[in-house]
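Spelled out from the first residue to the last, the chains are:
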Amino acid sequence: MRKIIYLNFLLLILLTTTGKLGFSQTDTTVLIYDTTDYINNMIPTSKVDSLKKNTMSLLFIGDIMGHGPQIRSAYDAKTKTYDYDTVFSYLKNIMSEPDFTIANLEVTLAGPVYKGYPQFSSPDALAEAGKNAGIDLFVTANNHCVDRRLQGLNRTIDVLDTLHILHTGTFKNKEARDISNLIILEKDSIKIGILNYTYGTNGIPVPKPSVVNVIDTAVIHADIDSSKKNSLDKLIIVLHFGSEYQSHPNKAQTDLVSYLFEKGADIIIGSHPHVIQKMMYLPGNDSIKEHFVAYSLGNFVSNQRKTRTDGGVMTRIVLKKENDKTFIDTSNYILTWVYKKPRTNGLYYYFILPAAEYENKKSFFKNPTDYEKMKLYIKNSRTLLNKENLKVTEFIKSVN
Ligand SMILES: [Zn+2]
């Protein structure tokens, strides 16, 4: 009861100081920042802490690929082991900061012989380095998940389990899917669910008894309905879909997103086209729920070097709960670019850079051409996203 009085008082203050009250992301951010001092003075510390605490930050990452040159470059001939930690080293702070970091693992961990395109099997060290950098959950339903048939699918799951990394999208059998299809993440009083599906598996039949979550509106609809018994604050669906190398979502993508929003999905994150596509935050009102969609996060790391395929985008979403209502407080993006830095003997470093932090650091790059390529990536990406994004802006870390 006391709590209700305090909260009502807070709402009154907010209304009078701003003249409006809403749950759209921009409005809410302003409200909280403008009134922090006032809240601190008027509400007992424990209440302030609980108001501040009721947040959950999420970071979504695009395709983690494993082409042949990446595998060869990760090999340490001295120790005869593979090491991918350097790949993520420039992003460690960004990837480990959110409460949950979620990425698409677009290779199998099928064991040796390791191979790149077209049927991927990467060393386990790739997933381990991802975990070291901050990845909490890998989605595994994508067109390469059965590249190494049943053994590859099963071993990928075993490796992730051994590394204690959450995963969903592919399953050893139906029983496993029944138990772990919906991943539930909780922090403070916020509880979200994550589901994952792919458009297909490159024409390779899914080997029995394994299950790959393939996009089927009836199946996803049933999964959404079944997720509702968990009293989730938000339901997130990660989709592997779209046309390769297309910077604009196709009709099948937009139709599916609309359908899933209608059926109960709150946030949809896409990947697969190898290039980035637009992000939209759609505010809600009394009769419509708010929604967020990122159609394609592009390549997080790969050996693809053509324009637009040499980078990706990370989407950062902060959820907040107030008065038992959970809403998207902020949603923004961070551009990433793969700096393929020559080493020796035809080997490379594959550094994923937070692009905006390096856009004025020409001297960082060994070869000025690489710097220009990154600048072009930034320019192309900003041109696209500034034009097509809806209420999702670039997050640029202040550099001291
Ligand atoms: Zn794909």
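Being a predicted model, the structure only gives us computed values, none of them experimental.

Conventions used here
- Residues numbered from 1 in each chain as written.
- Predicted model: local features only at pLDDT ≥ 70, side-chain atom pairs only at ≥ 80, totals over all residues.
- Buried ≥ 20, exposed ≤ 12 C-beta atoms within 10 Å, placed from the backbone.
- Helix = DSSP H or I, 4+ residues; strand = E, 2+ residues; numbered from the N terminus.
- Pairing = 2+ DSSP bridges.
- Right-handed = clockwise from strand over helix to strand, strands pointing away.
- pLDDT = per-residue confidence, 0-100.
- Contact = placed C-beta atoms within 7 Å.
- Core = buried A, V, L, I, M, F, W, Y, C linked by C-beta atoms within 7 Å.
- Axes fitted to C-alpha atoms, helices over the stretch in contact; angles between N-to-C directions.

Draft legend 1. Quick peek at the pairing of strand 11 (residues 234-240). Taking burial as the measure, the seven residues of strand 11 include seven buried ones, the bulk of the element. Burial along strand 11 is two-sided: Lys-234, Ile-236, Val-238 and His-240 facing one way and Leu-235, Ile-237 and Leu-239 facing the other are all buried. Sheet topology note: the strand 9 (residues 190-198)/strand 11 ladder contains seven bridges and is parallel. Considered in strand 11, the bridge of Leu-195 is made with Ile-237. Two elements, strand 11 and strand 12 (residues 267-271), share five bridges in a ladder whose sense is parallel. Bridge pairing in strand 12 places Ile-236 opposite Ile-267. Taken together, strand 11, helix 11 (residues 251-263) and strand 12 form a β-α-β motif whose crossover is right-handed.

Draft legend 2. Region of interest: the confidence of the model for the chain. Of the residues in the chain, 86% reach a pLDDT of 70 or more, and the chain-wide mean stands at 88. In this model residues 1-45 is a low-confidence stretch, pLDDT under 50, and it forms 37 contacts with partners more than four residues away in sequence or in other chains.

Draft legend 3. Geometry of the nonpolar core. Grouped together as the largest cluster of nonpolar side chains are 95 residues, with contacts concentrated most on Phe-60, Ile-102, Ile-194, Ile-237 and Ile-268. Ranked by residues supplied to this core, first place goes to strand 17 (residues 325-342) with eight residues. Excluding its chain neighbours within four sequence positions, the residues that come into contact with Ile-102 are Leu-58, Phe-60, Ile-61, Asp-136, Leu-137, Val-139 and Ile-194.

Draft legend 4. Seen up close, the environment of Val-212. With respect to the element layout, Val-212 can be found in strand 10 (residues 211-212). On the basis of neighbour counts, which here come to 24 C-beta atoms within 10 Å, the residue Val-212 falls in the buried class. Taking C-alpha positions, Val-212 is 8.7 Å from Val-146, a pair spaced 66 residues apart along the chain. Residues contacting Val-212, with those up to four places away along its chain left out, are Ala-141, Cys-145, Val-146, Thr-170, Thr-198, Thr-201 and Val-206.

Draft legend 5. Just the sheet that holds strand 13 (residues 279-282), in detail. Strand order in the open sheet made by the six strands is 8-9-11-12-14-13, with mixed pairing throughout. Two strands bound the open sheet, and with one partner strand each, they are strand 8 (183-187) and strand 13. Mean inter-strand twist for the sheet, computed between neighbouring axes without regard to direction, equals 15°. Across the sheet, helix 11 touches strand 11, strand 12 and strand 14 (291-294), and the angle it forms with strand 12 is around 155°.

Draft legend 6. Region of the structure containing the pairing of strand 13. Only one face of strand 13 is buried: it carries Met-279 and Tyr-281, and the other face, with Met-280 and Leu-282, is open. Note: strand 13 against strand 14, four bridges, orientation antiparallel. When the bridges of strand 14 are listed, Tyr-281 appears paired with Phe-292.

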